[in-house]
Amino acid sequence: MTTNSPAVGTTERPALRSGWLVLVLLAAAQFMVVLDATIVNIALPAIEEDLGFAGSDLQWVINAYVLAFGGLLLLGGRLTDLFAGRTVFLAGLILFCLASLACGLATSPGLLLAGRAAQGVGGALLSPAALALLTRAFTGSRRAVALGVWGAISGVAGAVGVLLGGFLTDGPGWPWIFYINLFIGAAVLVGVLARVPHEAPRAETRLDLPGAALITGALVALVLAVVRSEADGWTAPLVLGGFATSAVLLALFILVERRVRQPLVPLDVFRLRNLAAGNAVNTLLGAVLLATFFLLTLYLQQVHGDSAREAGLAYLPLAAASLTASAICSQLLPRTGPRLPLVTGMLLLSGGMFWFSRLEPTSTYNPDFLIPSLLWGAGLGLAAVAALSAATQDLGGEAESGLASGLVNTTLQIGGAIGLAVLSTLTFDRLTDRLAQQNPYPIALLDGLTYALQIGAAVALAGAALAALTVTNQRRPPAER
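The following paragraphs examine the structure supplied in this document.

Okay, the overall build of the protein next. Helices and strands together make up the secondary structure of the protein, namely 16 helices and 0 strands. Looking at the protein as a whole, 57% of its 481 residues are labelled buried. Long-range pairs, those at least 24 residues apart, make up 84% of the contacts in the protein with a sequence separation of at least 6. As displayed, the protein offers around 18,100 Å² of accessible surface, 66% of which is attributable to carbon and sulfur atoms.

Going through the model one piece at a time under the given rule, you end up with 3 salt bridges. Of the charged contacts, one joins Asp 36 and Arg 116 as a salt bridge, the two residues approaching to 3.8 Å between their closest N and O atoms. You can see Asp 36 sitting in helix 1 (residues 19-38) and its partner Arg 116 sitting in helix 5 (residues 109-137), a full 80 residues away along the chain. The exposure class of Arg 116 is buried, given its relative accessible area of 0%. Linking Asp 447 and Arg 430 is a salt bridge whose minimum nitrogen-to-oxygen distance equals 3.0 Å. Of this pair, Asp 447 sits in helix 16 (residues 441-470) while Arg 430 sits in helix 15 (residues 398-436), and the two are 17 residues apart along the sequence. Looking at Asp 447, the relative accessible area reads 25%, which means it is partly exposed. Ionic contacts of the salt-bridge type, sharing partners, join the residues Arg 430, Arg 434 and Asp 447 into one network.

The next subject is the packing of aromatic side chains. Applying the stated criterion across every chain, the model contains 9 aromatic pairs. Their ring planes at 75° and their centres at 6.4 Å tell us that Tyr 65 and Phe 96 sit as a pair that is edge-to-face. With Tyr 65 in helix 3 (residues 59-83) and Phe 96 in helix 4 (residues 85-105), this pair connects stretches of sequence that are 31 residues apart. Note on accessibility: Tyr 65 and Phe 96 belong to one class, buried. Aromatic side chains Trp 174 and Phe 178 sit 6.4 Å apart centroid to centroid with 90° between the ring planes, which places their arrangement in the edge-to-face category. With respect to burial, Trp 174 and Phe 178 carry one shared label: buried. Three or more aromatic residues joined by ring pairs form one cluster here, namely Tyr 65, Phe 69 and Phe 96. In this arrangement the basic side chain of Arg 430 is found over the ring face of Tyr 451, its NZ or CZ atom lying 4.4 Å from the centre.

Definitions and cut-offs
Residues numbered from 1 in each chain as written. Predicted model: local features only at pLDDT ≥ 70, side-chain atom pairs only at ≥ 80, totals over all residues. Heavy atoms only, no water. Helix = DSSP H or I, 4+ residues; strand = E, 2+ residues; numbered from the N terminus. Buried < 20%, exposed > 50% of the residue type's maximum accessible area, 1.4 Å probe, protein only. Contact = heavy atoms within 4.5 Å. Areas by Shrake-Rupley, 256 points an atom, 1.4 Å probe, with all protein chains shown as cover. Salt bridge = Lys/Arg side-chain N within 4 Å of Asp/Glu carboxyl O. Phe/Tyr/Trp six-rings, centres within 6.5 Å; stacked < 30°, edge-to-face > 60°. Lys NZ or Arg CZ within 6 Å of the ring centre and 35° of its normal.

These figures capture arrangement, not role.
What follows is the structure in structure tokens.
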């Protein structure tokens with residue numbers, strides 16, 4: 001789950017001292033940002049009990065972060081060009097760390113959600129600025145190595161999050177999943193101040209603040225409408241109004257992007273077949289990615305009865321499969337192109353989710369949880385790398401590639417927010433119905449999880465079909481780029 005700037009400048013690059021140390025510092029910051037998208041999953045039951053969350057509202061602990069992060073990523077890239085990479089990086093780092101402290105100290109659901117949203121804003125500044133600094137620090141083959149390390153660190157962080165979350169939650173307590181950011185952030189802050197020089201911004205860059213506000217508002221309205229449907233029904237005025245508001249804001253966003261001189265998203269890039277197809281499949285990938293971690297965590301702790309630490313350890317084979325498949329896919333792409341691994345990855349995700357939907361309260365780890373974990377993890381590794389390749393292979397030039405990479409990460413976050421909202425809402429809607437029929441809570445919850453996982457499997461299957469029909473291995477001729 002990498003996060004790139006949409007507008008990496010072409011200004012003169014200052015020679016950064018101790019380049020590989022700079023890579024370690026920037027990768028550590030990215031590790032922290034990606035970590036916080038997954039580390040909270042294992043801690044959700046403890047947070048629910050301590051702060052008094054309603055079960056159906058737990059998804060907002062994740063979505064408050066993802067919506068702010070994904071909705072503002074493109075704006076963060078523009079700010080990086082306007083105010084210089086190091087300035088935006090430090091501002092994002094400080095905001096992220098202060099918000100992490102606020103999350104750890106939160107005593108109510110509202111305070112925690114506000115802190116999570118602030119973390120997302122900090123991450124949206126920090127992550128694209130970090131990548132811009134990295135691309136300015138390395139050139140040629142050294143840049144390829146640095147970007148490979150960057151991508152690997154991002155993948156490791158997503159997998160380590162669920163494991164580390166378990167140990168911290170069962171150990172010093174769930175607030176430490178946020179306090180740990182203070183130690184990482186302090187080390188990065190000192191290192192960047194010492195090793196990364198200030199750089200001149202790109203003077204001609206302008207901010208598209210209306211575009212950023214409209215796309216973020218459209219996403220929030222859409223997710224709110226989906227969440228409220230669980231309590232009010234899909235035809236309730238508030239729910240229909242939310243969908244209508246989201247559609248209007250999205251239409252206004254498209255109108256604004258067509259009129260401003262420097263839009264967040266130049267809409268003509270979607271004429272590129274693989275860019276459009278790659279991002280469409282990537283949205284479906286995001287829809288099952290965050291939701292699967294959320295649903296499986298509820299199963300492990302509230303149905304199967306595992307501790308937070310045991311639940312975290314249960315994800316280790318999944319993480320290993322994902323990292324292994326990512327490395328294999330990177331080696332295969334030059335020979336196969338993106339379509340085959342993308343279709344295969346989405347099929348494996350679908351198969352893994354369907355297998356997970358067969359879990360019972362008495363299921364054993366091996367083979368009932370282990371085998372679908374390996375399938376799902378391998379599918380994630382293949383699909384994530386192949387989707388990025390498909391969406392960027394037709395582009396040339398640093399700024400153009402940066403835009404495409406930013407879109408890939410934005411669509412992943414957007415898909416994650418919407419998918420989590422839909423699948424968690426379906427889970428708790430089914431849970432409510434089964435509790436009304438006097439079913440015990442674990443059995444009622446399992447029924448909801450089973451239903452949501454089957455819907456998720458269908459979404460991943462649709463992604464495989466979409467990739468097979470739309471993604472091409474043919475590169476656009478250089479003259480057309």
